[in-house]
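Structural description and commentary
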Amino acid sequence: MSQVPAFAVISGAQVHDAVAGREAEVTRMVEAAYRLHGEGQTVNPDSYFLRFPDRPADRIIALPASVKGDVGVHGIKWISSFPGNVANGVPRASAVLILNDAETGYPFACLESSIISAARTAASAALAAAALADARGDRPRRIGFVGVGLIARYIHTYLAGNGFTFDELGIHDLSREHAEGFKGYLERSEKGEITIHESAESLIRASDLVVFATVAGEPHVTDPAWFTHNPLVLHVSLRDLSPEIVLSSYNVVDDVEHCMKANTSPHLAEQQTGHRDFVAGTLYDVLTGATTPPADKPVVFSPFGLGVLDLAVARYVYDQVASSGALHTVPDFFHDLKRYG
Ligand SMILES: NC(=O)c1ccc[n+]([C@@H]2O[C@H](COP(=O)([O-])OP(=O)(O)OC[C@H]3O[C@@H](n4cnc5c(N)ncnc54)[C@H](O)[C@@H]3O)[C@@H](O)[C@H]2O)c1
């Protein structure tokens, strides 16, 4: 494109309509983005964390990225995490994403992105669960969720949308109210037995697939003995597990360089040992068969969260909205375009 593009604004309602019920398709988009990343068809610099000395729990993260191939865009996600919002009935995370045209660099869309972010995170978790479980030869039927906010709900939806079914579902959350709310959500679609666990230990010991989606800032699960039944662990919140647990597990990450930052559990393990030999490989390595997860060790997937995944899902949403004729553009957004007036 060598012309100045129109600038579109895509609302959360439009994003929701574009992805809801299309979990398998969104997961395929995310898998394609992982493959492009693994093949060197992306640029995904470090995320930038804006933090506030007077509000240490809060942050806003910038994730710039570029993807070639069918995605074919540059862009950036700008996502806030203010955990205190939840007590006031406001979601923790809020976000926008800007898509830039690959040829001219012009931004051509601004999308509500908390749903895109949750969807890509959940699609990535479901993709990893399927790839790792299938490589180990068995799909888990007992799942446990530690921390049950929006991300846990999306991960459950994406697991179900990718063919996972469960006989037993466990819930553990520091907030009883959140645990009860999530139980109510699960009861609307699940036939299996649903149990609220008072401790993380009891939930982990009763689960073959464990999902961490807390807002813990440092490890609160420290005993490798809780994992001797070798569960598959989706460590989406990244800071729940002690270095000892990381070191006694088979570790898969989304991107090694990204994951060894910001005091994630793998980063703590690296700081403790002075090496990163405990990382078996990336999800791309699992997808291509370059590494095979064992059945006789806990398997932990720690995804730092790549901007390229957000771009892939945002591009998908943009195309859906555009082809349905519902794109809202802002007239004259770009102005004063003649070089000499
Ligand atoms: N890796 C990624 O790509 C990625 C992407 C998006 C979100 N996340 C992470 O997912 C996490 C969850 O996000 P959310 O929007 O669902 O948050 P949320 O605030 O809506 O929910 C978090 C829940 O965890 C519970 N909790 C906190 N500490 C706990 C603990 N120690 N044990 C048990 N429960 C605990 C809280 O009570 C709350 O119900 C965040 O840490 C976020 O940063 C990761």
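A brief structural summary. (Residues numbered from 1 in each chain as written. Predicted model: local features only at pLDDT ≥ 70, side-chain atom pairs only at ≥ 80, totals over all residues. Heavy atoms only, no water.)

1. Observations concerning the side chain of N100
Position of N100 relative to the elements: it lies in strand β6 (residues 93–101). The exposure class assigned to N100 is buried, which follows from its relative accessible area of 17%. A distance of 2.8 Å separates a polar side-chain atom of N100 from the backbone oxygen of G105. (Helix = DSSP H or I, 4+ residues; strand = E, 2+ residues; numbered from the N terminus. Buried < 20%, exposed > 50% of the residue type's maximum accessible area, 1.4 Å probe, protein only. Polar contact = N/O pair within 3.5 Å; in protein donor to acceptor, adjacent residues only side chain to side chain.)

2. A word on the packing of helix α3 (residues 114–136) against helix α4 (residues 150–161)
Helix-helix packing: each pair is described by the crossing angle between the helix axes and the interaxial distance. Packing of α3 against α4 brings their axes to within 8 Å, and their N-to-C directions diverge by 50°. Relative to α4, the element α3 lies oblique. Our pair here, α3 against α4, has a crossing hand that is right-handed. Contacts between α3 and α4 pair I115, A118, A119, T121, A122, A123, A125, A126 and A129 from the former with L150, I151, Y154, I155, Y158 and L159 from the latter. Looking at the contact of α3 with α4 residue by residue, the class counts come to 14 nonpolar, one polar and no charged. (Axes fitted to C-alpha atoms, helices over the stretch in contact; angles between N-to-C directions. Parallel < 35°, antiparallel > 145°, perpendicular 65-115°, else oblique. Left-handed = near helix turned anticlockwise from the far one by under 90°. Contact = heavy atoms within 4.5 Å. Nonpolar A, V, L, I, M, F, W, Y, C, P; charged D, E, K, R; others polar.)

3. A look at the nonpolar core
Buried together is how nonpolar side chains tend to be arranged in soluble globular proteins. Core analysis: the biggest nonpolar cluster contains 77 residues, and Y34, L99, L111, Y158, L159, L283 and V317 have the highest contact counts within it. If you tally residues by element for this core, the top one is α3, at 15 residues. Three or more residues apiece are contributed to this core by two domains, here domain 1 (8–116 + 307–329) and domain 2 (124–302). Beyond its immediate chain neighbours, meaning those up to four positions away, L283 contacts Y34, S124, L127, A128, A131, V252, V253 and F301. Counting 22 residues, the second largest nonpolar core, distinct from the first, contains I204, V221, V279 and V300. (Core = buried A, V, L, I, M, F, W, Y, C linked by side-chain atoms within 4.5 Å. Domains from an automatic or database assignment.)

4. A closer look at the site of the ligand
Taken together, 25 residues form the shell around the ligand, and within it I151, D173, H178, T214 and P303 come nearest. R120 has a polar side-chain atom sitting 3.0 Å from an oxygen atom of the ligand. A distance of 3.0 Å is found between a nitrogen atom of the ligand and a backbone nitrogen or oxygen belonging to V236. Taking 870 Å² as the accessible area of the ligand by itself, protein coverage stands at 87%. When residues of the shell around the ligand are traced back to their parent elements, those giving at least two are α3 and α4. When grouped by side-chain class, the residues that make up the shell around the ligand number twelve nonpolar, nine polar and four charged. Residue contributions to the shell around the ligand reach at least three from each of two domains, namely domain 1 (8–116 + 307–329) and domain 2 (124–302). (Near = heavy atom within 4 Å. Areas by Shrake-Rupley, 256 points an atom, 1.4 Å probe, with all protein chains shown as cover.)

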